[in-house]
Amino acid sequence: AEARSMESLEKQLICPICLEMFSKPVVILPCQHNLCRKCANDVFQASNPLWQSRGSSAVPSGGRFRCPSCRHEVVLDRHGVYGLQRNLLVENIIDIYKQESARPLHAKAEQHLMCEEHEDERINIYCLRCEAPTCSLCKVFGAHKDCEVAPLPAVYQRQKVGGPWGLGGPRVPTEPRSCHPLYSQSELSDGIAMLVAGNDRIQAIITQMEEICHTIEENGRRQKQHVGLRFDALYGILEERKKELLQSIAAEQEAKLQRVRGLIRQYGDHLEASSKLVESAIQAMEEPQMALYLQHSKELLKKITDMSKASMSSRPEPGYENMDHFSINVDYVAEMLRTIEFQTGA
């Protein structure tokens with residue numbers, strides 16, 4: 001009976017490709033079926049002969065194959081089979097199965113054989129009310145004296161194979177089966193299979209949520225890039241406008257400087273000529289010869305008169321140096337920029 005139980009469990013752990021027990025590591029496909037990773041890789045390589053092998057310098061582009069159990073199409077990324085999730089639960093169950101299979105039967109039978117209340121008594125009966133193994137003394141004198149009991153081998157046989165009570169055993173309890181939940185090996189195996197299937201579904205949900213996390217990260221990266229480009233465009237507009245305004249200031253500044261510097265040169269030339277004329281007049285006044293003095297004095301007087309009449313009234317008007325008219329008010333623009341927000345419903 002125990003061998004049939006282990007065989008039933010082993011059927012749940014068989015790879016549909018190699019028809020052997022799953023070998024580590026076990027991968028879980030998107031359709032929730034399991035394969036040995038080596039078998040999955042063999043099927044994938046056969047379906048995608050041009051796909052680069054793992055470790056190649058070339059970057060593979062992914063591929064696809066069909067699940068051998070349900071024919072669902074499995075699409076893999078550039079990591080190939082190595083990008084699939086491992087089914088650690090199935091691997092742990094295989095480890096436990098192998099350990100249980102390797103244990104001698106007599107070692108299993110010798111566990112908890114002695115009663116805790118009566119150390120010299122072997123546990124040989126099963127209390128149906130308390131659902132616990134016990135010894136004969138507990139039934140006669142102890143805590144189970146008013147309980148209904150059955151021989152331990154009969155209860156064990158009942159639980160393992162779901163058969164009837166053995167001949168010569170106690171009567172079948174009159175209470176409903178729910179009062180004495182002695183389940184068969186097949187029910188336990190089905191329960192394990194149900195747990196494995198449930199955990200496969202949980203693993204699928206985890207995989208789906210991990211994909212959602214990846215999608216969230218990708219969408220966030222894309223939107224960050226989009227927002228960055230929009231602000232870069234605003235920076236470009238501001239830089240262009242700033243350049244235009246600075247060019248306007250520089251143009252007027254240069255024009256005003258050229259005009260004032262031209263007047264400075266004009267006044268400088270007049271000052272230099274007037275200074276030379278003063279020196280000439282002083283030298284003429286020191287001339288000791290009267291004839292020579294009278295000869296040059298008339299010409300000097302004419303030059304002095306002409307120099308005095310020269311118009312030097314051209315000057316920059318008051319406030320000419322002022323550049324305040326280039327002031328700008330960006331408060332409203334700054335306020336508008338502060339109100340930039342994401343579009344709702346976009």
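Residues numbered from 1 in each chain as written. Predicted model: local features only at pLDDT ≥ 70, side-chain atom pairs only at ≥ 80, totals over all residues. Heavy atoms only, no water.

- As recorded in an unreviewed UniProt entry, the protein chain goes by Tripartite motif-containing protein 54 and comes from Origma solitaria.
- UniProt annotates the protein chain under Catalytic activity (unreviewed entry) with the comment "S-ubiquitinyl-[E2 ubiquitin-conjugating enzyme]-L-cysteine + [acceptor protein]-L-lysine = [E2 ubiquitin-conjugating enzyme]-L-cysteine + N(6)-ubiquitinyl-[acceptor protein]-L-lysine."
- If you open the UniProt record of the protein chain and go to Function (unreviewed entry), you find "May bind and stabilize microtubules during myotubes formation." (UniProt positions renumbered as here; feature names shortened; annotations may be inferred.)

Observations regarding the pattern of salt bridges
If the charged atoms of two oppositely charged side chains come close together, the side chains can form a pair.
Move 1: One pass over the structure, following the stated rule, counts 11 salt bridges.
Move 2: For glutamate 317, the salt bridge identified is with arginine 259, shortest N-O distance 3.4 Å. With a gap of 58 residues between them, glutamate 317 in the loop between helix 8 (290-309) and helix 9 (331-338) and arginine 259 in helix 7 (residues 185-285) connect regions that are remote in the sequence.
Move 3: Here glutamate 317 falls in the partly exposed class, since its relative accessible area comes to 40%.
Move 4: Its relative accessible area of 35% is what places arginine 259 among the partly exposed residues.
Move 5: Between glutamate 335 and arginine 338 there is a salt bridge, with the nearest N and O atoms lying 3.5 Å from each other. Here glutamate 335 and its partner arginine 338 are both found in helix 9, three residues apart, which amounts to about one turn of the helix.
Move 6: Given a relative accessible area of 45%, glutamate 335 falls into the partly exposed group. (Salt bridge = Lys/Arg side-chain N within 4 Å of Asp/Glu carboxyl O. Helix = DSSP H or I, 4+ residues; strand = E, 2+ residues; numbered from the N terminus. Buried < 20%, exposed > 50% of the residue type's maximum accessible area, 1.4 Å probe, protein only.)

Some points on the sheet that holds strand 6 (residues 125-127)
Whenever strands of a sheet pair, they do so through backbone hydrogen bonds, lying parallel or antiparallel.
Move 1: Pairing is antiparallel across the open sheet formed by three strands, whose spatial order is 7-6-8. If you trace the sheet from one side to the other, it starts and ends with strand 7 (132-134) and strand 8 (149-151), each paired once. Neighbour to neighbour, the strand axes of the sheet diverge by 35 degrees on average, direction disregarded.
Move 2: Pairing analysis gives three bridges linking strand 6 to strand 8, with the strands arranged antiparallel. Bridge pairing in strand 8 links isoleucine 125 to proline 151. (Pairing = 2+ DSSP bridges. Axes fitted to C-alpha atoms, helices over the stretch in contact; angles between N-to-C directions.)

Notes on the nonpolar core
Move 1: With 25 residues, the main nonpolar core has Leu13, Phe22, Leu29, Leu76, Val90 and Ile94 as its most contacted residues.
Move 2: Elements with a minimum of two residues in this core: strand 1 (26-28), strand 2 (34-36), helix 2 (37-47), strand 4 (73-76) and helix 3 (88-102).
Move 3: If near-sequence neighbours (up to four positions away) are discounted, isoleucine 94 is found in contact with Leu13, Met21, Phe22 and Val26. (Core = buried A, V, L, I, M, F, W, Y, C linked by side-chain atoms within 4.5 Å. Contact = heavy atoms within 4.5 Å.)

Description of the packing of aromatic side chains
Move 1: Counted according to the given criterion, the structure contains two aromatic pairs.
Move 2: Ring plane angle 65 degrees and centroid distance 6.1 Å describe the contact between phenylalanine 44 and phenylalanine 65, whose orientation is recorded as edge-to-face. Residue phenylalanine 44 is located in helix 2, and its partner phenylalanine 65 is located in strand 3 (residues 63-66); the two are separated by 21 residues in the primary sequence. For the residue pair phenylalanine 44 and phenylalanine 65, the accessibility class agrees, reading buried in each case.
Move 3: With 6.3 Å between their ring centres and 55 degrees between their planes, phenylalanine 231 and tyrosine 235 make a pair best called tilted. Here phenylalanine 231 and its partner tyrosine 235 are both found in helix 7, four residues apart, which amounts to about one turn of the helix.
Move 4: By relative accessible area, phenylalanine 231 is classed as partly exposed at 31%.
Move 5: Here the guanidinium or amino end of lysine 256 rests over the ring plane of tyrosine 320, the centre of that ring lying 5.1 Å away.
Move 6: Positioned above the aromatic ring of tyrosine 320 is the side chain of arginine 259, whose terminal nitrogen or guanidinium carbon lies 4.8 Å from the ring centre. (Phe/Tyr/Trp six-rings, centres within 6.5 Å; stacked < 30°, edge-to-face > 60°. Lys NZ or Arg CZ within 6 Å of the ring centre and 35° of its normal.)

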